[in-house]
Amino acid sequence: MELNQVIIAYKAGNQLSKSQAELCAQQLNELGCKTLVGPSGPRDNPYPVFLASAEKKIDLAIVLGGDGTALAAARNLAADHVPILAINIGGHLGFLSESPEDTEFPEMWQRVLGDRFAVQRRMMLQAQTFNGDRSNLEPESDTYLALNEMCVKPASPNRMITSILEMEIDGEVVDQYQGDGLLISTPTGSTGYTVAANGPIVHPGMDALIVTPICPLSLSSRPIVLPPGCVVSVWPLADPEHSTKLWMDGVMATAIWPGQRVDVRVAPGWAEFIILSKKYSYYRTLRSKLQWAGARIRYDNNHRN
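Cut-off values and rules
- Residues numbered from 1 in each chain as written.
- Predicted model: local features only at pLDDT ≥ 70, side-chain atom pairs only at ≥ 80, totals over all residues.
- Heavy atoms only, no water.
- Buried < 20%, exposed > 50% of the residue type's maximum accessible area, 1.4 Å probe, protein only.
- Helix = DSSP H or I, 4+ residues; strand = E, 2+ residues; numbered from the N terminus.
- Pairing = 2+ DSSP bridges.
- Salt bridge = Lys/Arg side-chain N within 4 Å of Asp/Glu carboxyl O.
- Axes fitted to C-alpha atoms, helices over the stretch in contact; angles between N-to-C directions.
- Parallel < 35°, antiparallel > 145°, perpendicular 65-115°, else oblique.
- Left-handed = near helix turned anticlockwise from the far one by under 90°.
- Contact = heavy atoms within 4.5 Å.
- Nonpolar A, V, L, I, M, F, W, Y, C, P; charged D, E, K, R; others polar.

**Student:** Quick question: what am I supposed to make of the pairing of strand 5 (residues 118–131) here?
**Tutor:** Working note: regular strand, side chains alternate between the two faces of the sheet. Most of strand 5 sits out of view: 10 of its 14 residues are buried. Relative to strand 16 (residues 260–275), strand 5 runs antiparallel, the two being bridged by 13 bridges. Each residue of the ladder has a partner; that of Met123, found in strand 16, is Trp270. Here strand 5 pairs with strand 6 (residues 144–146) via three bridges, running antiparallel. Across the sheet, Ala127 pairs through a bridge with Tyr144, a residue of strand 6.

Right, here's the structure in full:
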C-alpha cells in the first residue's frame, strides 16, 4: 500500500489518543506522507473536512479510540472505499480495533508499506424513511448508514416510553412488537447492542440481517436472522407524542412518526478494516472481550492431556 495521503482521527476529549495521533502524523510526515488530523466524537465529525481537504486520494484512515470512534469512521468512509486501521487507544472493549500492545508505530508503517496485513470487509446497513403506503418509493429522508445496527426506539426527556412497532419483511407483515424498541443489526453489530438484548452472535464473515426486539412485552417475540437480500420495514404505531426515533450505531439519525416507515437493507458499500495482528482470531476476541470463562476449560487445551 502506498501512503501518500493519510487521515488520522482520534477520540475527542482523550489526551492520550490526541498525543498518539500527533506522534503518528509526525512519523508519517517524515516518510513523505501528507496527513490530516482531527478529533472524532459526538460533537466532532472531521470526515467531511478530511474528504474535502485531501489533496490526493486517501490511502488510509488511522483511527485512535474505541469502537465508537471506529464506527464513526466506517459510516463516513465506507462509500469512498477508504481502508481503516483502528487502534484501541482511549477506548473500552475494542472489538473493531487492534490492541496498542501489539502495535509499534514505526514497525506498523513498514508493514503497511510492505503489504503485510489482511483486509477484513464488513457489511453495512442503510436506512431511509418514507411517507404513506408502500406505493410511495420516494424517500423522505437522507440515506443513513450503520456498521453495527439500526435501532427504532422512542426517546423522551421526561419518562420511559413503550413503543408499538409493526415489522414487515419484503412487504409482508411479520409481527408487531410492544416494548423498548427494535434492532436490525449486522453480524458485526451482533456483539453490541444486539447481544445485550439477547440476540444471537453471528460471525462477521456471514452476510445476514439480525432483527431483535428490545425487552418485548411478549414471550413469543424472538430474534430472527434473515438473508442479506431482505428489506426490513418498521412502522411506528400509536405514538401520539411523536417520540419514535431512528438511531444508527447509537447516534440519532432522524425522528419518525405514525404514517411513516423505515426501510432497512444491506448497504452497497463495505467497511474495510486493516488487520495487523499476526494472531488475529475472532473467537479469541469473543473470549477476551466478553470475558467468557468456563469452570473447567483452559484455552491452552492442556485439559485434553
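**Student:** Looking at this model, I keep getting lost on unusual backbone geometry. Mind explaining?
**Tutor:** One can expect most non-glycine residues to show negative phi and most peptide bonds to be in trans. Positive phi is not limited to glycine here, since Asn198 has a value of about 70 degrees. Position of Asn198 among the secondary structure elements: in the loop between helix 5 (193–196) and strand 11 (209–214). Backbone geometry at Asp249 places phi at a positive 50 degrees, although glycine is not the residue there. As for its placement among the helices and strands, Asp249 is situated in the loop between strand 14 (244–248) and strand 15 (251–255). For Asp249, a relative accessible area of 10% translates into the label buried.

**Student:** Looking at this model, I keep getting lost on the pattern of salt bridges. Mind explaining?
**Tutor:** Working definition: two side chains of opposite charge can pair if their charged atoms are close together. With the rule as written, the count across this model stands at six salt bridges. Two residues, Lys57 and Asp59, come together in a salt bridge whose shortest N-O distance is 3.9 Å. The exposure class of Asp59 is buried, given its relative accessible area of 10%. Asp263 serves as the salt-bridge partner of Arg261, at 3.0 Å between the closest nitrogen and oxygen. Judged on exposure class, the residue Arg261 and its partner Asp263 are both buried. Salt bridges linked by common partners bring Arg261, Asp263 and Arg265 together as one network.

**Student:** What exactly am I supposed to notice about the packing of helix 1 (residues 15–30) against helix 4 (residues 105–113) here?
**Tutor:** Across the interface, helix 1 lies against helix 4 with an axial gap of 11 Å and an inter-helix angle of 55 degrees. Comparing the axis directions of helix 1 and helix 4 gives the class oblique. By crossing handedness, the relation of helix 1 to helix 4 is classed as right-handed. Residue-level inspection shows Gln20, Leu23, Cys24, Gln27 and Leu28 of helix 1 in contact with helix 4, the latter providing Phe105, Pro106 and Trp109. Here the residues of the contact of helix 1 with helix 4 are counted per class, giving six nonpolar, two polar and no charged.

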